[in-house]
Every structure is written in structure tokens, then in C-alpha cells.
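Descriptive analysis of the structure
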2 protein chains.
Amino acid sequence: MAATPAATPPPGYPATDRTVPTRSRERAAYDREVVHALLDEGYVCHLGFIRDGAPVVLPTLYARYGERLYVHGSTGSRPLRGAAPGLPVCLTVTHVDGLVLARSAFHHSINYRSVVVHGVAHQVTDAQERALALDAIVEQAVPGRAADSRRANARELAATAVIRLDLKEVSAKVRAGGPNDEPEDVTLPYWTGVVPVARTYGTPIPADDLDPAIALPAYLPPAGPRGAV
Amino acid sequence: MAATPAATPPPGYPATDRTVPTRSRERAAYDREVVHALLDEGYVCHLGFIRDGAPVVLPTLYARYGERLYVHGSTGSRPLRGAAPGLPVCLTVTHVDGLVLARSAFHHSINYRSVVVHGVAHQVTDAQERALALDAIVEQAVPGRAADSRRANARELAATAVIRLDLKEVSAKVRAGGPNDEPEDVTLPYWTGVVPVARTYGTPIPADDLDPAIALPAYLPPAGPRGAV
């Protein structure tokens, strides 16, 4: 979500050994605005953590609230149980924008925009911050929805674990544009270009037990493609 | 890609401590057909590995070839460099199908289909298998394209690293259907239902230097939504 707490953050995130890619460095960006915009465009991240010495990557909902990311789940879920003392995580958000078809198989690629956040996640113990995080996660996916739903009650808040990851060690990576063919390949008889890819929202499907008198909210995403198309 | 090598695999993947979720176990599936179909529907995965004791999650292209997954990248890329002796990884593929708006903030969710693969990835040293993997990765994103492009030459194959992860410890997880509101919430005055989400392909954009005489290939994905919409 776009809301930002009082504290004014520095203009960009510092490049670190972990956030400088070993390849295609020109695609990396550390600008706060770029990173925030990419995070705000999504609501599903892939959260990586270590369990029993092995990596685990799970898709989960998230929210950006200023310079914090919130991820929620059941108090029984693995990453959240481990987060009490502080859980090293890598949280990645990826938008796929296109299939890049070069003349050579080698130069095939995709256009994408991704954000990778490294850090140590901590359980949110303060009930007020946990409630704020739950609202933020609902707002991240459907802005305007939190105020138009029943807020979590004490029992639900107690059953919900929230972890917080501060935006400190962060980088964005963007691949855009057409194929990069070898000069000697440009005369080859193969079609070359980009097939745009985007996320699309369909016509909302009311629940079976929805009171027909309740109208479709104006804040729902209109049907149609988002992003690169 | 759909092609399957000679060996006939057992009907399902064994449930292990790592592949039995701690929550929503009814959403987990181990059927080979389900897992294969979900993997074949995608081409971008999130690959998790451990670097300097911390988790790293990067988006990357992949291909399924029978009971193997292939991921490729530069020989300089971090996960691939580490894969020579065998790199513990978690490879996750996620399809988002819908936003689930319950009457209570607590029961908001998303409809999704994901596959999580645990295992040890190994570098593919055999040049023939590496060439096969590169074709498979092109085919995974655009079936029919590998044969309609210039295959990788010796120099390109030498510059490309491929890691292989066999499908042994695998599970799928699927959330579908409408919201699950609390019985006491069904009379609340909030709209409730599902907003479908799908991947959409746009109209292909030819490269600036494409010979206008070269027609759009029939194997390109037709413009329009895929999946849940």
C-alpha cells in the first residue's frame, strides 16, 4: 500500500554484496520509488527461508507499509513459528511483462520487473501493529477493501501471526525491450519480437449466499489487463 | 514441456515431512498428473537456495522434461556456480487464479495453484543434455519455438550453465472456490465473492529489424486471457 509513516527515508537503498547481481548489473536499480512501485503493484511474494538446513520458498500475500513489509499467516505456519527470534528471509516479488523471442534460442528471454528483499523478519507482537498489518495486506490486494469488510476481532488477531521485514537491503531488477540478437543472426528467417504478458482481472463472481441487494463495490479492479499489455 | 522420457514413474510423489503442509493439508496434492500440469502451465519459477548462510530467492525460467526440471543461466550466476557439488534448492511455481473477498478481513485469501519442489540440484555437464535443456526451456515458454530458432552453438553452450533438479520430493497446493465466512458474518452488508485473475498475452510486437516478409508464427500464444478468467 502507498501510505508512508512519518520518518523520511533516504533516497535510495544501498547496494550491497547481496543486492549487486553477478550478471546484467545494468538491470539493477536501488531507487526507492522504483522499488516501492514494483512492490505496490503486487500482492503475492515468494518468501524464502531456511528450515532444517534447506531452503524453502512459499508463495504468500504481503503488504508494503512505508519501509516495512508485512507477511501474515497462521500461528502454526513454519516460517512464522521460526520468526520469533528473528528469521533470515529473502522476499521476492516478480512481474512478468513479456516473452522475448530472439532469432537464436540462446538469446530468448523474458521481460520482467522484480524486487528482492534480504533481511531478518521478526514476529509482530504488538496487537495494534498486527491489526494494521492485516488491514495493509487486504489493502495491498484490493485498495479500499479493508474499510468495507469486518475487521479482525480479538480471537482472529490472536490466531494470526504477522512477520515484519524492514526494507533495508533491497534491489529491483528490470528487463525490458526487444530481443538482443547477434549481428550475424539478423538475416535469419525467424520471427523475432516480444509477446506481451500481463495480469488480467475477470468479472467478479459473487458468493452464492451474497444478498443480491449488495452492489458490486466501485473499488474492485475493473475487468481487463494490467501492466505490460 | 510435456515430453516424457522412457522410464515410467510411479503414480504419485511420496508425502514427506517437507511436503506435508502444516496448515490446510486438504489443499495439498501429490498426484503426478496434477503436479506436471501445474508445472507445464508456467515457465517462470522462484528458485531458492542458501548463500553465505542466508536464503536467496530469484525468479528464473525453467522447463519440465519428464521427471526432471531444468534451470539455466550464465555460468557466472550464483546458484549455478554453487551447483557443481550439488546445491540444495527449493523450486516453486505459483499460479494466481483469484482474489477471494470474504466479509471478514480475516478470511480474505487468494485462489492459487502452486508446486513446491525440494531437492539437490546438479550442474548438467553433458553438452547433449545441456542442449536438450535449453530447447526444453524455450519450448516451456513457447511450445514450437525451439525448432523455429537458431539452436545454440558450441560457444553459447559453453557459456550456459544448466542445473537439473529431479522431481522426487514434490507437492502441489491448490486453493479454489469462494470465501469461507464465519456463519455469524453472512448477514453483514459487504460484497463477497471472487475476482478472477489470469495471465493474459497481448498482441506480439515485432522487433524493429524484423523482415516484414516474415509472418507471425502460428505457435505464438493467441492474444487473450489464460487460466482462471
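Our subject is the structure that appears above.
Residues numbered from 1 in each chain as written. Chains lettered and ligands numbered in written order. Predicted model: local features only at pLDDT ≥ 70, side-chain atom pairs only at ≥ 80, totals over all residues. Heavy atoms only, no water.

Each copy of the sequence occupies a distinct position, and chain A is placed on chain B by a rotation of 180 degrees and an axial shift of 0.0 Å, giving an RMSD of 0.0 Å. What the superposition gives is, in effect, a two-fold axis relating one chain to the other. Proximity to the rotation axis, assessed at the C-alpha, singles out Arg199 of chain A in chain A; its C-alpha lies 2.4 Å from the axis. By residue overlap, the copies meet face to face through one surface: 99% of the interface positions of chain A are interface positions in chain B. (Least-squares fit on C-alpha atoms with pLDDT ≥ 70 in both. Contact = heavy atoms within 4.5 Å.)

With respect to the element layout, Glu67 of chain A can be found in the loop between strand 3 (54–65) and strand 4 (68–74). In this structure the side chain of Glu67 of chain A is engaged in a polar contact, spanning 2.7 Å, whose partner is the side chain of Tyr13 of chain A. (Helix = DSSP H or I, 4+ residues; strand = E, 2+ residues; numbered from the N terminus. Polar contact = N/O pair within 3.5 Å; in protein donor to acceptor, adjacent residues only side chain to side chain.)

Moving on, we get to the environment of Pro59 of chain A. Inspection of the secondary structure puts Pro59 of chain A in strand 3. A C-alpha to C-alpha distance of 9.7 Å links Pro59 of chain A and Val93 of chain A, two positions 34 residues apart in sequence. Among all residues touching Pro59 of chain A, those that are not within four sequence positions of it are Val44, Cys45 and His46 of chain A together with Thr92, Thr94 and Ser114 of chain B.

Moving on, we get to the interface of chain A and chain B. Taken together, the contacts link 91 residues of chain A with 92 residues of chain B. Across the chain A/chain B interface, buried area totals approximately 7400 Å², and carbon plus sulfur atoms make up 65% of it. Put simply, chain A and chain B have six salt bridges between them. Across the pair Asp17 of chain A and Arg51 of chain B runs a salt bridge whose closest N-O atoms are separated by 3.2 Å. For the interface between chain A and chain B, the tally reads 30 residue pairs in polar contact (both at pLDDT 80 or more). Considering every element that reaches the side of chain A that touches chain B, the biggest residue donor is strand 9 (residues 193–201) of chain A, with nine residues. Of the residues contributing to the side of chain A that touches chain B, the split by class is 52 nonpolar, 21 polar and 18 charged. Alignment of strand 10 (residues 205–206) of chain A against strand 9 (residues 193–201) of chain B, held across two bridges, turns out to be antiparallel. In the sheet register, Pro206 of chain A faces strand 9 of chain B, and the bridge partner there is Gly193 of chain B. (Buried area = accessible area lost by both parts, 1.4 Å probe. Salt bridge = Lys/Arg side-chain N within 4 Å of Asp/Glu carboxyl O. Nonpolar A, V, L, I, M, F, W, Y, C, P; charged D, E, K, R; others polar. Pairing = 2+ DSSP bridges.)

Turning our eyes to something else, we now look at the packing of aromatic side chains. Per the counting criterion, the structure on display carries zero aromatic pairs over all chains. Across from the ring centre of Tyr13 of chain A, 4.0 Å away, lies the NZ or CZ of Arg32 of chain A, which sits over that ring. (Phe/Tyr/Trp six-rings, centres within 6.5 Å; stacked < 30°, edge-to-face > 60°. Lys NZ or Arg CZ within 6 Å of the ring centre and 35° of its normal.)

Per the stated rule, a full pass over the model turns up 32 salt bridges over all chains. For Glu67 of chain B, the salt bridge goes to Arg32 of chain B, with nearest N and O atoms at 2.7 Å. With Glu67 of chain B in the loop between strand 3 (54–65) and strand 4 (68–74) and Arg32 of chain B in helix 1 (residues 32–41), this pair connects stretches of sequence that are 35 residues apart. Look at Glu67 of chain B and you get buried, because its relative accessible area is 18%. With a relative accessible area of 7%, Arg32 of chain B lands in the buried category. Arg150 of chain B is the salt-bridge partner of Glu156 of chain B, the closest N and O atoms lying 2.8 Å from each other. We note that Glu156 of chain B, like Arg150 of chain B, is buried. In this structure, a network of salt bridges that share partners links the residues Arg68, Glu129, Arg164 and Asp166 of chain A. (Buried < 20%, exposed > 50% of the residue type's maximum accessible area, 1.4 Å probe, protein only.)

Function-wise, these values are silent; they only describe arrangement.
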